[in-house]
Amino acid sequence: MDVESMDEVADCLLSVAWNIFPLMGKPSARPGNRAEEIRTLLVDACHDAGLRAREWAAAHGAGTEETRRPFLRLAEIGTDANLFLGMVSGTLVADEERVRRRWAEIETLVLEAGELAGSLEGRPEDRPPLVTGDQSFSSVRS
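A brief report on the enclosed structure follows.

Thresholds applied
- Residues numbered from 1 in each chain as written.
- Predicted model: local features only at pLDDT ≥ 70, side-chain atom pairs only at ≥ 80, totals over all residues.
- Heavy atoms only, no water.
- Helix = DSSP H or I, 4+ residues; strand = E, 2+ residues; numbered from the N terminus.
- Expected span 1.5 Å × (residues − 1).
- Buried < 20%, exposed > 50% of the residue type's maximum accessible area, 1.4 Å probe, protein only.
- Contact = heavy atoms within 4.5 Å.
- Salt bridge = Lys/Arg side-chain N within 4 Å of Asp/Glu carboxyl O.
- Axes fitted to C-alpha atoms, helices over the stretch in contact; angles between N-to-C directions.
- Parallel < 35°, antiparallel > 145°, perpendicular 65-115°, else oblique.
- Left-handed = near helix turned anticlockwise from the far one by under 90°.
- Nonpolar A, V, L, I, M, F, W, Y, C, P; charged D, E, K, R; others polar.

1. Focus: helix H3 (residues 65-89)
So, point 1. Here H3 is 25 residues long and its end C-alpha atoms lie 35 Å apart, about the 36 Å a rise of 1.5 Å per residue gives.
So, point 2. Taken together, the buried positions of H3 are Thr67, Arg68, Phe71, Leu74, Ala75, Ile77, Gly78, Ala81, Asn82, Phe84, Leu85 and Val88.
So, point 3. Elements in contact with the buried residues of H3: helix H1 (6-20), helix H2 (34-60) and helix H4 (96-119).

Below you can see the structure in the form of structure tokens.
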């Protein structure tokens with residue numbers, strides 16, 4: 001994807017959030033349902049980052065490739081993690097080792113998403129961490 005402006009980055013992030021859960025229909029994560037918790041966190045992170053990108057674009061313009069990179073990485077993580085979650089929940093033939101490896105990949109992506117979400121330019125410093133229930137990116141573990 002060739003993204004040339006921060007507005008396009010915002011569109012990308014908002015689209016990722018929408019593709020994980022349509023925002024108006026996002027259910028609350030059921031306690032103990034790790035896949036729902038992760039999807040909820042990713043939707044919130046991508047939606048929030050999309051809004052931050054839109055605000056950044058309004059204040060500063062298109063931005064540079066370096067400025068856009070962390071936002072786009074978060075969109076990529078959201079897409080990849082959602083795909084992997086579908087792979088672990090929709091297997092036709094159970095392969096415990098493959099599922100274990102996928103969950104390890106998912107958890108690594110969740111940690112990276114949390115780091116990115118907290119460090120994106122334009123994110124107000126006084127904004128609390130993204131949370132679902134009583135968990136935030138920094139405290140989410142399986």
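And the narrative resumes.
2. Focus on the pattern of salt bridges
So, point 1. All chains considered together, the criterion is met by 13 salt bridges.
So, point 2. Note that Arg54 is salt-bridged to Asp7, the shortest N-O span being 3.2 Å. With Arg54 in helix H2 and Asp7 in helix H1, this pair connects stretches of sequence that are 47 residues apart.
So, point 3. Overall, the relative accessible area of 31% leaves Arg54 in the partly exposed class.
So, point 4. A salt bridge links Glu105 to Arg102, with the nearest nitrogen and oxygen atoms 2.6 Å apart. Here the residue Glu105 and the residue Arg102 both occupy positions in helix H4, the gap between them amounting to three residues, near one helical turn.
So, point 5. The class for Glu105 is partly exposed, based on a relative accessible area of 31%.
So, point 6. Three or more residues joined by partner-sharing salt bridges are found here, namely Asp7, Asp11 and Arg54.

3. Remarks on the packing of H2 against H3
So, point 1. Between H2 and H3, whose axes approach to 10 Å, the crossing angle comes to 155 degrees. As far as their axial angle goes, H3 and H2 are roughly antiparallel. Judged by the twist between their axes, the crossing of H2 over H3 is left-handed. Counted together, Ala35, Ile38, Arg39, Leu42, Ala45, Cys46, Ala49, Arg52, Ala53 and Trp56 of H2 and Thr67, Phe71, Leu74, Ile77, Gly78, Ala81, Asn82, Leu85 and Gly86 of H3 form the full contact between these two elements.
So, point 2. Looking at the contact of H2 with H3 residue by residue, the classes come out as 13 nonpolar, four polar and two charged.

These figures come from the coordinates and say nothing about function on their own.
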